[in-house]
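The primary structure of each chain is shown beneath.
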Amino acid sequence: MNCRHCRASLEHVFLDLGFAPPSNAYLSDADLKKPESYYPLKLFVCAHCWLVQTEDYASADELFSNDYAYFSSVSTSWLTHAKRYVEMITPRLGLGKESFVIEVASNDGYLLKNFVASNIPCLGIEPTASTAAAAEKIGVPTLSEFFGVALAQRLVGEGRQADLIIGNNVYAHVPDINDFTFALKVALKPGGTLTLEFPHLMRLIEHTQFDTVYHEHFSYLSLNTVSHIFAKAGLRVWDIDELPTHGGSLRIYGCHIEDARPSTPAVSAMLAEEKRNGLQKVSTYLAFQPRADKVKNDLVAFLVDQKRSGKKVAAYGAAAKGNTLLNYAGIKSDLLPYVCDAAASKQGKYMPGSHIPILAPEALIERCPDIVLILPWNIAEEVVAQLKSLENSNAEFFVAVPQLKVVG
Ligand SMILES: [Zn+2]
């Protein structure tokens, strides 16, 4: 296999998690009677451009099916994050009624609704039909299509280049990162700005976040690698923010390569920090798998101990990262009988692969578990605060990543 960005041949495995079903393929009762599709879940690192990437396997169509259940507006902290971003970027770029904003992967309009409220013209691009329909319903103009060069050229033809293009948690999820980046170049007005947010590979390595690996997450990105991908498409990173989201993300600010804007010192500082952390050395990547294995082994041993001592265990948060962890660790309902989740769209279904049933959070009141394992560790504090108000038991809350520990 060759690198999706620079076409160099890929020789170094960064992480091998065996085989797993798509992490968002939640199962119904009827699905449990059918065979389930598993794909290899293996990451390579390119020793030429340092793009960490999934092994090639299945088409994007299968993974992003129309019943894909995630609606961004379910998460109040994400809504707050989006609102703050709009309040920051609007004055920074001087956006107004004459401007045009595009968000790629605009989901249910969770972010663009803030521009609509300020009368700033905008357009969402969202291939998932159900979330695109939800956005239209709240007055956010949305195209239900995949973003790529063809669509970008169509927008140019309609005179709709953007002053601002936003991509939150989509850049790492596109199969063809070169085409996507070139599409950003085409759709961006001269003098325009684009911002992309993605989990930062440096933090993934630092905090052993191997459970953020899943098939739909094609690329694992450093600023250094993104700078190369941008340069090839005629774009340039001129500023960055570090964000706490998803265990440590980067928000990068891009412009056309010929734009006169100077780059901020934050860009060169981060490039230097990545280099200091070994992100341009193969040995850094080869040292990662044993650390992932330790997290897995510690969790399995912990759950076996709880079972032997007669403790009642539950999990909270039927998130994609939970599926990666449970499937890699081979944990099934004998060790973890159920997972609670606030999203009604997941309740009554089963986790892919492990087939652990998903229940409403009220099950924690009825069943009074001794131990609650929080799978989405990135929102553990928020979840513990909610659950402590929900139930009056003495349950202990744990996360498994970056190491098994008590939270709250
Ligand atoms: Zn490469």
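Refer to the structure printed above.
Residues numbered from 1 in each chain as written. Predicted model: local features only at pLDDT ≥ 70, side-chain atom pairs only at ≥ 80, totals over all residues. Heavy atoms only, no water.

S.K.: What is the right way to look at the pattern of salt bridges in this model?
M.R.: Close approach of charged atoms allows side chains of opposite charge to pair. Evaluation of the coordinates by the stated rule reveals 14 salt bridges. Between Glu242 and Arg203 there is a salt bridge, with the nearest N and O atoms lying 2.8 Å from each other. Of the two residues, Glu242 sits in strand 10 (residues 235-243) while Arg203 sits in helix 7 (residues 201-206), which places them 39 residues apart along the sequence. A relative accessible area of 43% means that Glu242 is categorised as partly exposed. (Salt bridge = Lys/Arg side-chain N within 4 Å of Asp/Glu carboxyl O. Helix = DSSP H or I, 4+ residues; strand = E, 2+ residues; numbered from the N terminus. Buried < 20%, exposed > 50% of the residue type's maximum accessible area, 1.4 Å probe, protein only.)

S.K.: Just checking my understanding: could you explain the packing of helix 8 (residues 223-233) against helix 9 (residues 265-276) for this structure?
M.R.: Two measures define how a pair of helices packs: the angle their axes make with one another and the distance between the axes. For the pair helix 8 and helix 9, the least separation of the axes is 9 Å and the interaxial angle reads 120°. As far as their axial angle goes, helix 9 and helix 8 are oblique. Counting all contacts with helix 8, which are made through Leu223, Asn224 and Ser227, the residues of helix 9 involved are Val267, Met270, Leu271 and Glu274. In terms of residue class, the contact of helix 8 with helix 9 is built from four nonpolar, two polar and one charged. (Axes fitted to C-alpha atoms, helices over the stretch in contact; angles between N-to-C directions. Parallel < 35°, antiparallel > 145°, perpendicular 65-115°, else oblique. Contact = heavy atoms within 4.5 Å. Nonpolar A, V, L, I, M, F, W, Y, C, P; charged D, E, K, R; others polar.)

S.K.: How do you make sense of the packing of helix 11 (residues 288-308) against helix 12 (residues 320-329) when you look at a structure like this?
M.R.: Contact geometry of helix 11 with helix 12 gives a least axis separation of 10 Å together with a crossing angle of 80°. Overall, the two elements helix 11 and helix 12 adopt an arrangement that is roughly perpendicular. Where helix 11 abuts helix 12, its residues Gln289, Asp293, Lys296, Leu299 and Val300 lie against Leu325, Tyr328 and Ala329. Of the residues belonging to the contact of helix 11 with helix 12, the class tally is five nonpolar, one polar and two charged.

S.K.: What exactly am I supposed to notice about the sheet that holds strand 2 (residues 39-45) here?
M.R.: If you trace the four strands from one edge of the open sheet to the other, you get 1-2-3-9, paired in antiparallel fashion. At either margin of the open sheet sits one strand with a lone partner, and together these are strand 1 (12-20) and strand 9 (219-220). Where strand 1 and strand 2 come together, six bridges link them in antiparallel fashion. Opposite Phe19, over in strand 2, you have Pro40 as the bridge partner. (Pairing = 2+ DSSP bridges.)

S.K.: Is there a simple way to explain the sheet that holds strand 14 (residues 358-359) in this structure?
M.R.: Paired through their backbone hydrogen bonds, the strands of a sheet run either parallel or antiparallel. Pairing is mixed in the open sheet, where six strands are placed in the order 14-13-12-15-16-17. If you trace the sheet from one side to the other, it starts and ends with strand 14 and strand 17 (405-407), each paired once. Its contacts with the sheet put helix 11 on strand 12 (313-316), strand 15 (371-374) and strand 16 (396-399), and the angle it makes with strand 15 is roughly 160°.

S.K.: How should I be thinking about unusual backbone geometry in this particular structure?
M.R.: If a residue is not glycine, its phi is most likely negative; likewise, a peptide bond is most likely trans. Of the consecutive residues Val401 and Pro402, the connecting peptide bond is found in the cis state with omega at 5°. Its place among the elements puts Pro402 in the loop between strand 16 and strand 17. Of note in the backbone geometry, Arg7 takes a positive phi value of approximately 70° without being a glycine. Phi at Asn169 takes a positive value of approximately 55°, unusual for a residue other than glycine. Following the sequence through the fold, Asn169 ends up in the loop between strand 7 (162-168) and helix 6 (177-187). We classify Asn169 as partly exposed; its relative accessible area is 21%.

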